[in-house]
Amino acid sequence: MPHNASVDLTGKVAVVTGSGRGLGLAYASALAAAGAAVVVNDLDEDTARKAADTIVEAGGRAVAEAVAVGTAEAADRLVARAVSAFGRIDVLVTNAGILRDRVLWKMTDEDFDAVVTTHLKGTFTCARAAAVRMREQGDGGRLILVGSPAGQRGNFGQTNYAAAKAGIAAMARTWSMELARAGITVNAIVPVAATAMTGTIPVFAPYVEAMRRGEPLPDALRKGEGFGTAEDCAALVPFLASDAARGITGQCVGIGGDRLALWSHPQEVATAYADGGWTPDTIAAAWHTSVGREPQTVGIPAPKLPETR
């Protein structure tokens, strides 16, 4: 791949789920700015239409499709909308999501099912519908799945969300193998940005409020935590959708603020051996001096931020 390959999406068609506002709208706007025609999706019809109008007013091409992501029927509608409006589909960004945060013993079946349906099943159904069409078209495509640090490391109170996002990372790896022969790349992005959701986190709240007043975020956030605006995260999407990224697949890529990162795949980090196999007693005797000497940490590390005024 040439290092100077351009990011030009002229003639490409993208569907971005959950793109009425926030990160999703930033992704859709960035794709349109790079030349792609975009199907904007949101649960609310007015929100989807206003977002599409914003892109058109900025000189891009966009249409709206209001539907709740999760079912096969919704996925088929989104792909059909792209084909009817622009003739094809080349890029799918699975951004739609909701939160129902509760600790395990308080989480209801409804809380769990709602989040998993939107994030995990919604990603599956939309990716399947897009892959079917892309394979029929015969000239490749891009699936860009939206993950989260919670899916990489877990997060307190987010059983449903963390499980869904971990599953999305696993699907990206699996589908990258299954779709390789069709020329379809599959990657997961792991964004961190000031949004309506992160603005409610106490440690970030004063910085998000300051940003809304037009004050810049400090380097401790932009570089140290990789935390910035939704627009900071958006640049990764047109890159992965372009020919410049045609050799990149099966990866989890983080972005936020001034930081771009590649997440590792899960792998063995320590091993030990016992001739003839292990017993409970020999595991107990060896654990703290062998594989268990440096246990892995869990959870998203607490931010190290300066005190705010």
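What you see as residue numbers is a count from 1 along each chain, following the sequence as written. Per-residue local features are limited, in this predicted model, to residues with pLDDT of at least 70; the limit for side-chain atom pairs, both in listing and counting, is 80 or more; totals at the level of whole chains, interfaces and linings are taken over all residues. In computing side-chain properties, one takes all heavy atoms of the structure into account and sets aside hydrogens as well as water.

A.B. asks: Give me the lowdown on the overall build of the protein, citing residues and values where you can.
C.D. replies: For the purposes of this entry, the term helix denotes a DSSP run of H or I that reaches at least four residues, the term strand denotes a run of E that reaches at least two, and both are numbered from the N terminus. When its secondary structure is counted, the protein shows eleven helices and eight strands. Considering only C-alpha atoms, the protein reaches an extent of 65 × 55 × 45 Å along its principal axes. Throughout this description, buried means an accessible area under 20% of the type-specific maximum (1.4 Å probe, protein chains only), exposed means over 50%, and partly exposed covers the range between. Split into buried and exposed, the 309 residues of the protein put 46% on the buried side. Working note: accessible area of the protein is about 16,000 Å², and carbon and sulfur atoms make up 55% of it. Only the protein chains shown count as covering a residue, and every accessible area follows the Shrake-Rupley method with a 1.4 Å probe.

A.B. asks: Any details on the environment of Ala-244? Residues and values, ideally.
C.D. replies: For Ala-244, the location among the structural elements is in the loop between helix H10 (236-241) and strand E7 (252-256). The exposure class of Ala-244 is buried, given its relative accessible area of 6%.

A.B. asks: Mind laying out the pairing of strand E6 (residues 184-191), listing which residues take part and the relevant values?
C.D. replies: Successive residues of a regular strand alternate their side chains across the two faces of the sheet. Most of E6 is tucked away: eight of the eight residues are buried. The side-chain alternation of E6 yields two buried faces, one formed by Ile-184, Val-186, Ala-188 and Val-190 and the other by Thr-185, Asn-187, Ile-189 and Pro-191. For two strands to be treated as a pair, DSSP must find at least two bridges joining them. One ladder, built from six bridges, connects strand E5 (residues 141-146) with E6; its direction is parallel. Bridge assignment links Arg-142 to a residue of E6, and that residue is Thr-185. Here E6 pairs with E7 via four bridges, running parallel. Counterpart to Val-190 in the pairing with E7 is Gly-254.

A.B. asks: For the layout of surface pockets, give the residues involved together with the corresponding values.
C.D. replies: Only protein atoms enter the 1 Å grid used here, on which a cavity is any set of points holding a 1.4 Å probe that cannot leave and a pocket is any open set flanked by protein within 12 Å on both sides along at least five of seven lines; residues with an atom within 4 Å of a point are listed as lining. Grid points are joined across faces, edges and corners, and a volume is the space filled by probe spheres set on the points. For the second largest pocket, the calculated volume is near 370 Å³. Those elements that place two or more of their residues in the lining of the second largest pocket are helix H5 (149-153) and helix H6 (159-178). Gly is placed with the polar residues, together with every amino acid not listed as nonpolar (Ala, Val, Leu, Ile, Met, Phe, Trp, Tyr, Cys and Pro) or charged (Asp, Glu, Lys and Arg). Of the residues belonging to the lining of the second largest pocket, the class tally is six nonpolar, seven polar and two charged.

A.B. asks: Requested: an account of the side chain of Asp-232, with residues and values cited.
C.D. replies: The topology assignment puts Asp-232 in helix H9 (residues 230-234). A 3.5 Å cut-off defines polar contacts: any pair of N or O atoms within that distance qualifies, except that in protein one atom must be a possible hydrogen donor and the other a possible acceptor, and neighbouring residues in sequence count only when both atoms are side-chain atoms. At 2.9 Å, the side chain of Asp-232 forms a polar contact with the side chain of Arg-222. In what follows, residue pairs with any heavy atoms lying within 4.5 Å of each other are defined as contacts. What Asp-232 contacts, discounting residues up to four positions off in sequence, is Arg-222, Ile-255 and Gly-257.

A.B. asks: Talk me through the packing of helix H4 (residues 109-137) against H6; I want residue IDs and the actual numbers.
C.D. replies: The angle between two axes is taken between their N-to-C directions and runs from 0 to 180 degrees, where each axis is a line fitted to C-alpha atoms and a helix contributes only its stretch in contact. Across the interface, H4 lies against H6 with an axial gap of 8 Å and an inter-helix angle of 15 degrees. In terms of their interaxial angle, H4 and H6 are classed as roughly parallel. Here H4 and H6 pass one another in a crossing that is right-handed. Where H4 approaches H6, its residues Asp-111, Phe-112, Val-115, Val-116, His-119, Leu-120, Thr-123, Phe-124 and Ala-127 are matched on the opposing element by Thr-159, Asn-160, Tyr-161, Ala-164, Lys-165, Gly-167, Ile-168, Met-171 and Trp-175. Among the residues making up the contact of H4 with H6, the classes are represented as eleven nonpolar, five polar and two charged. The scheme is simple: roughly parallel for angles under 35 degrees, roughly antiparallel for over 145, roughly perpendicular for 65 to 115, oblique for anything else. By definition, turning the near helix anticlockwise from the far helix through less than a right angle yields a left-handed crossing, and turning it clockwise yields a right-handed one.

A.B. asks: Give me the sheet that holds strand E3 (residues 61-66): which residues, what numbers.
C.D. replies: The strand order E3-E2-E1-E4-E5-E6-E7-E8 describes an open sheet built from eight strands, whose pairing is mixed. Strands at the two margins of the open sheet, each flanked by one partner only, are E3 and strand E8 (259-262). Direction aside, neighbouring strands of the sheet carry axes that sit 20 degrees apart on average. Relative to strand E4 (residues 91-94), strand E1 (residues 13-17) is paired through four bridges, and the arrangement is parallel. Bridge pairing in E4 places Val-16 opposite Val-93. Along the sheet, helix H1 (residues 22-33) makes contact with E1, strand E2 (37-42), E4, E5 and E6, crossing E1 at roughly 175 degrees. Most of the contacts of H4 go to E4, to which it runs at about 175 degrees, and overall it touches E1, E4, E5 and E6.

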